[in-house]
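This is what each chain is made of:
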Amino acid sequence: MDLTLLEQKFLQLSWKLHPDNFVNAGEQERELSLKKSSELNDAYRALRDPLTRVEYLLEIEGERKEGQTKQQAPPELLEEVFELNESLDELREAKQSGGDLIELKGRLESAEDNFQGKLEEVDSKLESVAREWDGAVDAKVDTAARKQIFADMNELLNRRSYIRNLVANVRKELEE
């Protein structure tokens, strides 16, 4: 998707639909202008951000598969997740017993940085799959190819959600 073209089109439509252009119109037209202007702003925000765009695309296509199964650690992260959970347990125990927190917090901060990097990798892959989708639309690919792209999008979004939750849990423990 050409973001410059998207922004130009947004600005054109935004000006055309802006409620100030309907000050002297009837109430129904003013309300419609406000509604359409709001919808345009929402659409622009969704389309310009690759992550939000992928989520929206899956939603409108009825292909989002989040929460249908219990979220599991991606297989290649199992060992790191296990170590992270052990460190979180050790930190909780140390907090309760008044133990030394400096080393544990350092280990968790390092793990947080590591998982934050993994989150950035997933975001990059999501941007790539969004470009893949754009190419597939332009090429008018068949249903099987579309389904595979949707599956890839879902897998990446679920992975992102899992990693984001890990990072949030670490941050929460470090802040307490």
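Our subject in this report is the structure included herewith. (Residues numbered from 1 in each chain as written. Predicted model: local features only at pLDDT ≥ 70, side-chain atom pairs only at ≥ 80, totals over all residues. Heavy atoms only, no water.)

The next thing to look at is the overall build of the protein chain. Within the protein chain, the secondary structure is distributed over six helices and zero strands. Across the protein chain, helices and strands are ordered from the amino to the carboxyl terminus as α-α-α-α-α-α. The C-alpha atoms of the protein chain give 22 Å as radius of gyration, which overshoots the globular expectation for 176 residues (16 Å, by more than 25%). Considered along the principal axes of its C-alpha atoms, the protein chain spans approximately 70 × 45 × 30 Å. Sequence-distant contacts in the protein chain: of pairs separated by 6 or more residues, those separated by 24 or more amount to 72%. Element-wise, carbon and sulfur atoms account for 49% of the exposed surface of the protein chain, whose accessible area totals about 11800 Å². In the protein chain, 26 positive and 40 negative side-chain charges are present, and the distance between their average locations comes to 5 Å. (Helix = DSSP H or I, 4+ residues; strand = E, 2+ residues; numbered from the N terminus. Rg over C-alpha atoms; globule rule 2.2 N^0.38 Å. Contact = heavy atoms within 4.5 Å. Areas by Shrake-Rupley, 256 points an atom, 1.4 Å probe, with all protein chains shown as cover. Lys, Arg positive; Asp, Glu negative; His and termini not counted. Charge placed at Lys NZ, Arg CZ, Asp CG, Glu CD.)

By secondary structure assignment, the location of E112 is in helix α5 (residues 102-139). Under the relative-accessibility criterion, E112 is labelled buried at 12%. Non-local contacts of E112, meaning those with residues more than four positions away in its chain, are made with V167, V170, R171 and L174. (Buried < 20%, exposed > 50% of the residue type's maximum accessible area, 1.4 Å probe, protein only.)

This brings us to helix α1 (residues 3-17). Residues spaced three or four apart along an α-helix face the same direction, because each turn holds 3.6 residues. Compared with the 21 Å implied by 1.5 Å per residue over 15 residues, the 20 Å span of α1 between its first and last C-alpha is a close match. Buried within α1 we find L6, F10 and S14. Seen from one end, α1 has its buried residues packed into an arc of 65°, which puts them on one side. Every exposed residue of α1 that faces more than 90 degrees away from the buried side is listed here: T4, L5, Q12, W15 and K16. Contacts made by the buried residues of α1 are with α2 (27-48). For α1, the side-chain oxygen to backbone nitrogen distance between the N-cap and T4 is 3.0 Å, and the N-cap itself is D2. (Expected span 1.5 Å × (residues − 1). Arc of directions from axis to C-beta. Polar contact = N/O pair within 3.5 Å; in protein donor to acceptor, adjacent residues only side chain to side chain.)

In the contact formed by α1 and α2, the axes pass within 10 Å of each other and the chain directions differ by 170°. In terms of their interaxial angle, α1 and α2 are classed as roughly antiparallel. Together, L3, L6, E7, F10, L13, S14 and L17 of α1 and S33, K36, S37, L40, N41, Y44, L47 and R48 of α2 make up the contact between the two elements. For the contact of α1 with α2, the per-class residue count stands at eight nonpolar, four polar and three charged. (Axes fitted to C-alpha atoms, helices over the stretch in contact; angles between N-to-C directions. Parallel < 35°, antiparallel > 145°, perpendicular 65-115°, else oblique. Nonpolar A, V, L, I, M, F, W, Y, C, P; charged D, E, K, R; others polar.)

In terms of nonpolar packing, the biggest core is built from 33 residues, with L84, F115, L126 and M153 touching the most fellow members. Elements that contribute at least two residues to this core include exactly α3 (50-60), α4 (78-97), α5 and α6 (143-175). Those residues within four positions of F115 in sequence are excluded, and the remaining contacts are L77, E80, V81, L84, I163, L166 and V167. (Core = buried A, V, L, I, M, F, W, Y, C linked by side-chain atoms within 4.5 Å.)

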